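# Report on the structure
Residue strings, one per chain:
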Amino acid sequence: MPKNKKPAGGRPAQNFDPRYAKKRAGGPFRGNDSRSDRPAFERPARDGERPRYDRTERPRFERDARPARDGERRSFDRPQRDDRPRFGDRTDRPRFDRDARPARDGERRSVDRPARDGERRSFDRPARDGERRSFDRPQREDRPRFGDRAERPRFDRADRPARDGERRSFDRPAREGERRSFDRADRPARDGERPRYDRAERPRFDRADRPARDGERPRFDRADRAERPRFDRADRPARDGERPRFDRADRPQREERPRFGDRADRPARDGERPRFDRADRPARDDRPQREERPARSFNNDGERKWAERREERPVRTKAHEDRIDVVHERLEAQAVQADEVSDVTFGDLGFGDNIVRALAGLGAEKPFPIQASTAPSILEGRDVLARGRTGSGKTIAFGAPLVERILRSKAGVKREFGRAPVALIMAPTRELALQIDRTVQTIARSVGLFTTQIYGGVPQARQVGALKKGVDIVIGTPGRIGDLAKQGKLDLSKIVVSVLDEADHMCELGFLEPVQEILRQTADGGQKLLFSATLDREVAALVDEFLVDPQVYEVAGETQETGTIEHRVLVVEHREKAGILDTLVDREGKTLVFTRTRAYAEMLAEQFEEAGIDAISLHGDLNQQKRTRNIERFSKGRARVLVATDVAARGIHVDDVDLVIQADAPDEYKTYLHRAGRTGRAGNAGRVVTLIPRQRRRRMTEMLERAEIEAPFDDVRAGDDILDELTGGMTLADLTA
DNA sequence: CCCACAA
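Looking at an unreviewed UniProt entry, one finds chain A named DEAD/DEAH box helicase and attributed to Microbacterium stercoris. UniProt annotates chain A under Sequence similarities (unreviewed entry) with the comment "Belongs to the DEAD box helicase family."

Shown next, in the form of structure tokens:
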């Protein structure tokens, strides 16, 4: 029996040991030492003398050491709980310090945010005698604070460099004669042991090398088959009203074409601000040097320190600039005219009645341009790249044809228990994956296909259970999908259609590799569909490896200028920012506030709450249950303000968000476009207000240029009338006025 | 630096 295993019938009392009791029974008398210099109590007892008790050795009277009297209740009769010290141990255990234990699920802790102005916090006072405080030691940069455990990656000894003097068996070559379990190849075979199997040495099995078995079809040989003529539109006369075919050979060479975002090459449009030209600005030496500028004061608002440090960096290197906002070349696309497809119905596109009805149930009576233009290619099985403005209906654009295609490929095939999925949809956040599933599942169910969500932050069991039963379409995030695939619980080998939503984002650092790993496990030659509102050359990493002759689509004339969003920039003093934000969110409609960090999102939500505004937060520090609940509360209007990090920047659809506030300006123009796209959806009006400090004006101007957005800048003080204007509702009429 | 993405 293992030592820690409790014997049946209850554990013995902690401080009751029968052996101890027995020894004691022999008497406490110390014995035979007769040296005279010993104190009286250490010499043998004199005649008639009562033996002296040694207090230190004598058993203390222990209630627990005697058998229980009739009916006496004793604390040790119940099993001891492991997680709780026994009563009476109080002095032995450290003082309970809430900050010293990891935060419970969803628990908000004051230490996680910077102190507010004038706020007194218990840890601002010196520690009391003997008080243990987790924050008493200087925080090491390289170590997460205690309590962050859930957020940091699992510790793996092999993954970290060996510490000084640490011996690691796997770091050194095997010593002579040392047997290492993991390397059989290095030692001679033992008696009777079969030689080690070496994959590389064995001949590859080739069916071509053996005679065909009875009834076996001859092996298909690509080289042997007749050359099929490629279908070429150029070879047939143009149909009525057909636009002439775009011919790559006819277009100017890459170098000659204007780069996307290069306004310098075209004449200024009406009322357009002149382009900022680096060459025109005063030389660096003419501008005030760093030393001449007023000293900065630092408070404990880490947010601000970081922002200022960056704003005031005197010289930004090219590399730094690139890291902040990489502008990739726009992909050459077939621009479909919206009116070209305005009369098409979902039925015309080739969708069956069930799917058409399901789409109508989702509110999609007739196809949006992006849907009408991409559907034929997707149904044909071609690889497709599609760019469609935020809120233009991309989910249905890939979801509906994907279901239709799978349905056709499964015609007449029985739905098998435990079948592997044939389609995969990946998104960068769990909320987006969930949202996509709500749409795709509705369409899939209408024709008897099953979807399942595979994303992190929730137990695996249910997801694995669903996979065991068998599903057709998997929708999720790369982390958990890769995880389950690695564990052998998700078979990707039958995936013939893969979709990447927010594809350019999925190609960014941190996402690209897991995504590649996953796509490599899918069926060879499977169809790939890449969608995003900001699709650009960044997806080249995936296109080159996985896509074959992709069709690229966008809808003509879908620029920001033709959108339904009004953009404003407010230049504010840092010390007035909080008050101005309070004023801006105190309004009737739904307001979405973006911050750069999770801590600031949390802090702002608290700030608004304290100002009496129903606000909640959404960021990666919350557990999934809270994330899901909070976004639902916002969707249903039970909270009118949501403060979020960029976890909510892409793809998330919430009805009727008519104001987006960027409490921190984004670093990338793409981020700006996606955040802004949370409002003005499906033709509704919306407004985006971005707060910036004075020193950020230039960067902001450049970013707006890249995004091709026109936005007036206003210097704003707390209490200015303009704030009330901006909090009013937006209508389409306001936009044109 | 930050934000996402697995435990």
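As a further point, take helix H14 (residues 598-610). With 13 residues, H14 extends 19 Å between its outermost C-alpha atoms, agreeing within 8% with the 18 Å of an ideal straight helix rising 1.5 Å per residue. By the burial criterion, the buried members of H14 are Tyr 600, Ala 601, Glu 602, Met 603, Leu 604, Ala 605, Glu 606, Gln 607 and Phe 608. Among the residues trailing H14, Gly 612 stands out with phi positive, at a value near 85°.

Spatial ordering of the open sheet is given by E11-E12-E10-E13-E14-E9-E15, a layout of seven strands whose pairing is parallel. The open sheet has two edge strands with one neighbour each: strand E11 (615-618) and strand E15 (713-715). Sheet twist, expressed as the mean angle between neighbouring strand axes with direction ignored, is 20°. Judged from the four bridges that link them, E11 and strand E12 (residues 641-644) form a sheet pairing that is parallel. Opposite Ser 617, over in E12, you have Val 643 as the bridge partner. Here helix H16 (residues 669-676) sits on the sheet in contact with strand E9 (565-571), strand E10 (590-594), strand E13 (657-662) and strand E14 (686-692), set at roughly 150° to E13. Across the face of the sheet, helix H17 (residues 697-707) comes into contact with E9, E14 and E15 while running at roughly 160° to E15.

Further remarks concern the sheet that holds strand E1 (residues 334-336). An order of E1-E8-E2-E7-E6-E3-E5-E4 is seen for the eight strands of this open sheet, with the pairing classed as parallel. In the strand order of this sheet, the two ends are held by E1 and strand E4 (451-454), each with one partner. If you compare each strand with its neighbour and ignore which way they point, the axes differ by 20° on average. Pairing between strand E3 (residues 423-426) and strand E5 (residues 473-476): four bridges, direction parallel. Note on E5: the bridge partner recorded for Met 426 is Gly 476. The sheet strands contacting helix H9 (residues 461-469) are E4 and E5, and the helix crosses E4 at an angle near 150°.

Reading the values: the criteria
Residues numbered from 1 in each chain as written. Chains lettered and ligands numbered in written order. Predicted model: local features only at pLDDT ≥ 70, side-chain atom pairs only at ≥ 80, totals over all residues. Heavy atoms only, no water. UniProt positions renumbered as here; feature names shortened; annotations may be inferred. Helix = DSSP H or I, 4+ residues; strand = E, 2+ residues; numbered from the N terminus. Expected span 1.5 Å × (residues − 1). Buried < 20%, exposed > 50% of the residue type's maximum accessible area, 1.4 Å probe, protein only. Pairing = 2+ DSSP bridges. Axes fitted to C-alpha atoms, helices over the stretch in contact; angles between N-to-C directions. Contact = heavy atoms within 4.5 Å.

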